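Take a look at the letters that make up each chain.
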Amino acid sequence: MSTPANPPRSLAEALRVRDDASLAELLRARPDLITPVPTDLTQLATRAGTRASVVRALERLDRFALQTAEALAVAADPAGYEELSGLMSGDGGDPAVAAALPRALGTLRGQALVWGGDDRLRLVRTARELLAPSPQHPSPTGLGPTVQEAAAGMSPGRIQEIVTAVGLPSTHDSVSAVASLTALYGDRARMAALLAEASPESREVLDRLVWGPPYGQVTADPAARLRWLLDRGLLLPTAPGTVVLPREVALHLRGGRAHRAAEPLPPALEATATHRPQVVDATAAGQAYTALATVEELLKDWDEGGPTVLRAGGLSVRDLKRTAVALDVSEPVAAFWVELAYTAGLLASDGEADERYAATPAYDEWLELPAAERWAQLAQAWLTATRTAGVVGGRDAKERTLSALGPGLDRSAAPEVRHRVLSLLAGLPEGASPSAQSVLARLRWERPLRGPQQNDDLRGRLATWALSEAEMLGVTGRGALSAHGRALLGAPAPAPKTADPAQEGPGDKLPVHHMPVSLEPLSPTEQATASAAAGRLLAPLLPEPLDHVLLQADLTAVAPGPLKRPLADMLDVLADVESKGGATVYRFTPGSVRRALDAGRTATDLHAFLTAHSRTPVPQPLTYLIDDVARKHGHLRVGAASAYVRCDDDALLNEIMADKRAAALRLRRLAPTVLATQADPAALLDGLRAMGFAPAAESAEGDVLITRADAHRTPHRTAPEPVPDGPPTPDSTLLAAAIRAIRAGDLASTTPRKQPPSASGALPRTSSAETLATMQAAVLTGEALWIGYVNAEGAASQRVIAPIRVEGGFVTAYDHTADEVRTYPLHRVTGVAELAED
């Protein structure tokens, strides 16, 4: 193994020898490093070693890469590749570990968590502090401190007693004694001979501590099995009553392995069932159509103004229950549909004094789109949203209940988890449905839980919700990714299978050991294109809307499939939905007919409408119902006095006055054809309708007011923006610009100079005459200069420039630091220094 001629002495030097492609990969993997852009590579290395950045990088490692970092944290600093390989695979070796270790080490190097050649591997200091074992923070490996660390507080006499007990020659100082003990414990043959003298009881103590935690409790007078271990330093005291198993001893007992089980390969996804792709696509299309119908039903139910907004924001528990009953779903499912409509911008609060939720103007535009395009909008909103309906009903950090449509529902990791779950499904054979447990196991390998996360597996819950939501939305069918779901990710279509899919059954087991399709999240523009492609694939699978219904004599109408928009809208006003499913059953009632008349329709219009859209003759009972309601409709007129009732038939007004149910309205006669009340017009309308009459509201001019179900809309609202999980991944243009700036700043800070700065690192200082003369000379020779410069805000900086022209008190030069031509006032240049010739 070759050793570099000049190995890097720091992370900054290691970054300095990287090419631009390697730096771009680093900044893409850790975008927090360029927020803002560092001035040079030294600052980049410093930022890469900060605790927050290192913690974030460690949380994004897969399990084997993290195990590799944990092994380096308990290895010598620096460690050689052979030592690391031994810690990962043990004394016996492991071909799978040996094959995967270069990739894991490359990942750690690429993310600037490890630097140095294979003979001197160094884990960045912050990562070592986070992963190395300590009494307060045990190592994930279960290893304890080294002999040197554990013996730091022991008396020299006690150390010499241990040296003598294990048969080593005594030394003159504790340092050499500890070194000889370390050498003994690291020697496999001598340690095997020493442990052969141990009693079974003593070996049992070691076996209990070997895989961690390595700490144990002892009394002031330990038992013989413990005394034997203490006398030979196989257990060392760390505090009164506490002992620890030294790291070297534990590694010998483990056979040299740092982990109980290395996991170089991700868990295989197991397809528990397979289906024909046509069945998967058809099932998903049916779910997609149901999703569209559910969202429409939700917003129609809230057309005239939905539930009120809680003072703290969101939907009350009672209103969520009512919505669940109206949609005939459970409350968590109702929360999902409400949040989806809100995320897609179809639903918002109206902003009125008595604030309520209602459909937005975007909902009307959405309704005019073809069904496949409407689904594509919902699917794209779901895939990229950070708002998570699954946490509704839980508690926030202040123990407040999280409500649907309320604050605190954003989970920044949600889009990434949804995308990753679908990507795993895309890597399976077409029509294969994996078990949820295997998907969760795979995600835990890709992002293992660390520290506090172990008590709250948010990613696991997000993945579980993603699987169920994808099925409800029609992205998957029968647990397998559909063709339009695959297109939604931007994934290529699967290759045709040679086997006959008809031979596959739901009970077939299909373990999948190959790596799944690796799909990166798409940019907004790419995602919009992918969503449109998914909609085009879905369109032929959706049922064609019908333009007819089947009228029945029991005052019902049966829609054998989805209805065209005008027909569906009119039926929603004229009749009430009685049941849904493969066919929708509508029921005509006096109230529903009156609702149509209130919307401006006449009896003639209703008869013509039913005749035109029914494949069966219009039943006589329905004709009578419409005529009877129409004959009564509008005889009574309600206006604002506070409210009044007027009618040309004074006998009808007498009937109202005589009715005991009218007592609550406190009506009084103003004229033979007019009654007045203190109640508002809406209450008066409701009261008279409850008594069986069919009043009509009128305006101040006496015209009948037409009320429509879709009258209430919010002002224009924008859909909620996702809350990103840290800085966004930079695009290629930003990366190229950032790398140029960092390289230029590094050139300015590291270029040798003929006149070096003072020991304090101050900027060069020269007189005005010297500055001008040096600038003019550089214009003639074409040499670059190092300058100190103070801008208009008083901020001082250093730059490397190549002067082009000096005139009028300004110097025009190519600034290597900014990678562009700039003009600087000479009076702001604090001094100049020529660069070294080399």
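From a predicted model like this one, the values you see are computed outputs, not experimental measurements.

Analysis parameters
Residues numbered from 1 in each chain as written. Predicted model: local features only at pLDDT ≥ 70, side-chain atom pairs only at ≥ 80, totals over all residues. Heavy atoms only, no water. Helix = DSSP H or I, 4+ residues; strand = E, 2+ residues; numbered from the N terminus. Rg over C-alpha atoms; globule rule 2.2 N^0.38 Å. Buried < 20%, exposed > 50% of the residue type's maximum accessible area, 1.4 Å probe, protein only. Phe/Tyr/Trp six-rings, centres within 6.5 Å; stacked < 30°, edge-to-face > 60°. Lys NZ or Arg CZ within 6 Å of the ring centre and 35° of its normal. Pairing = 2+ DSSP bridges. Contact = heavy atoms within 4.5 Å. Core = buried A, V, L, I, M, F, W, Y, C linked by side-chain atoms within 4.5 Å. Expected span 1.5 Å × (residues − 1). Arc of directions from axis to C-beta. Polar contact = N/O pair within 3.5 Å; in protein donor to acceptor, adjacent residues only side chain to side chain. Axes fitted to C-alpha atoms, helices over the stretch in contact; angles between N-to-C directions. Parallel < 35°, antiparallel > 145°, perpendicular 65-115°, else oblique. Nonpolar A, V, L, I, M, F, W, Y, C, P; charged D, E, K, R; others polar.

Enquirer: Can you walk me through the overall build of the protein in this structure?
Expert: Along its length, the protein carries 33 helices and 26 strands. For 838 residues, the compact-globule estimate of 2.2 N^0.38 gives 28 Å, and the protein exceeds it by more than 25% at 39 Å. Across its three principal axes, the protein shows a C-alpha extent of roughly 125 × 90 × 65 Å. Within the span of the protein, comprising 838 residues, buried residues form 46% of the whole.

Enquirer: I tried to follow the packing of aromatic side chains on my own but got confused; where do I start?
Expert: The relation between two aromatic rings is expressed through the spacing of the ring centres and the mutual angle of the planes. This structure, assessed with the given rule, holds four aromatic pairs. For the ring pair Tyr789 and Tyr824, a centre distance of 4.8 Å and an interplane angle of 65° mean the geometry is edge-to-face. Residue Tyr789 is found in strand 22 (residues 785–790), and its partner Tyr824 is found in strand 25 (residues 820–825); the two are separated by 35 residues along the sequence. The same class applies to Tyr789 as to Tyr824, namely buried. The cationic tip of Arg374 hangs over the ring face of Trp366; the distance from NZ or CZ to the ring centre is 5.4 Å.

Enquirer: For this particular structure, what's the right way to read the pairing of strand 24 (residues 810–815)?
Expert: Consecutive side chains along a regular strand alternate between the two faces of the sheet. Direction of pairing for strand 23 (residues 796–807) relative to strand 24: antiparallel, over a ladder of six bridges. Opposite Ala802, over in strand 24, you have Tyr814 as the bridge partner. From the end of strand 23 to the start of strand 24, which pair antiparallel, there are two residues, and Gly808 there has a positive phi angle of about 60°. Two elements, strand 24 and strand 25, share six bridges in a ladder whose sense is antiparallel. Of the residues in strand 25, the one forming a bridge with Val811 is Tyr824.

Enquirer: Mind showing me how you'd approach the environment of His712 here?
Expert: Following the sequence through the fold, His712 ends up in the loop between strand 21 (696–697) and helix 32 (732–750). With 410 residues separating them along the chain, His712 and Trp302 place their C-alpha atoms 8.8 Å apart. In this structure His712 touches Asp303, Glu304, Gly305, Asp350, Ala358 and Ala359, once residues within four positions along its chain are discounted.

Enquirer: Can you walk me through the nonpolar core in this structure?
Expert: Looking at soluble globular proteins, one finds that nonpolar side chains tend to be buried together. Tyr185, Leu234 and Leu235 are the most contacted members of the largest nonpolar core, which has 90 residues in total. The greatest single-element share of this core, amounting to eight residues, is contributed by helix 5 (residues 63–74). Not counting chain neighbours up to four residues away, the residues in contact with Leu235 comprise Val205, Leu209, Leu226, Leu229, Leu230, Val243, Val244, Leu245 and Pro246. Residues Ala389, Ala432, Leu443 and Leu538 belong to the second largest nonpolar core, which totals 71 residues.

Enquirer: Looking at this structure, how should I read the environment of Thr830?
Expert: When you line up the elements, Thr830 lands in strand 26 (residues 829–834). Each C-alpha atom, one on Thr830 and one on Ala664, is 90 Å from the other, the two residues being 166 residues apart in sequence.

Enquirer: Before we go on, may I ask you to explain helix 11 (residues 174–185) in this structure?
Expert: The periodicity of an α-helix, 3.6 residues per turn, causes residues three or four positions apart to be oriented the same way. With twelve residues, helix 11 should reach 16 Å at 1.5 Å per residue; the first-to-last C-alpha distance of 16 Å fits that figure. Taken residue by residue, helix 11 has Ala177, Val178, Ser180, Leu181, Leu184 and Tyr185 as its buried positions. Looking straight down helix 11, one finds that the buried residues subtend no more than 160° of arc, so they occupy a single side. Where helix 11 is buried, its residues touch helix 9 (147–150), helix 10 (156–165), helix 12 (188–196) and helix 15 (247–253). Structurally, the start of helix 11 carries an N-cap: the backbone nitrogen of Val175 is 3.1 Å from a side-chain oxygen of Asp173.

Enquirer: Help me understand the side chain of His548 in this model?
Expert: Its place among the elements puts His548 in the loop between helix 25 (524–538) and strand 13 (550–552). Looking at His548, the relative accessible area reads 13%, which means it is buried. Polar side-chain contacts of His548 include one of 3.4 Å to the side chain of Arg615. Residues in contact with His548, not counting those within four places in the same chain, are Pro560, Leu563, Leu567, His613 and Arg615.

Enquirer: Would you explain the packing of helix 5 against helix 7 (residues 95–110) in this entry?
Expert: When two helices pack together, their arrangement is given by the angle between the helix axes and by the axis-to-axis distance. Where helix 5 meets helix 7, the closest approach of the two axes is 9 Å, and the angle between their N-to-C directions is 80°. Considered as vectors, helix 5 and helix 7 are oriented roughly perpendicular to each other. On the side of helix 5, the interface is formed by Phe64, Ala65, Thr68, Ala69 and Leu72, while helix 7 contributes Val97, Ala100, Leu101, Arg103, Ala104, Leu105 and Leu108. Looking at the contact of helix 5 with helix 7, its residues break down into ten nonpolar, one polar and one charged.

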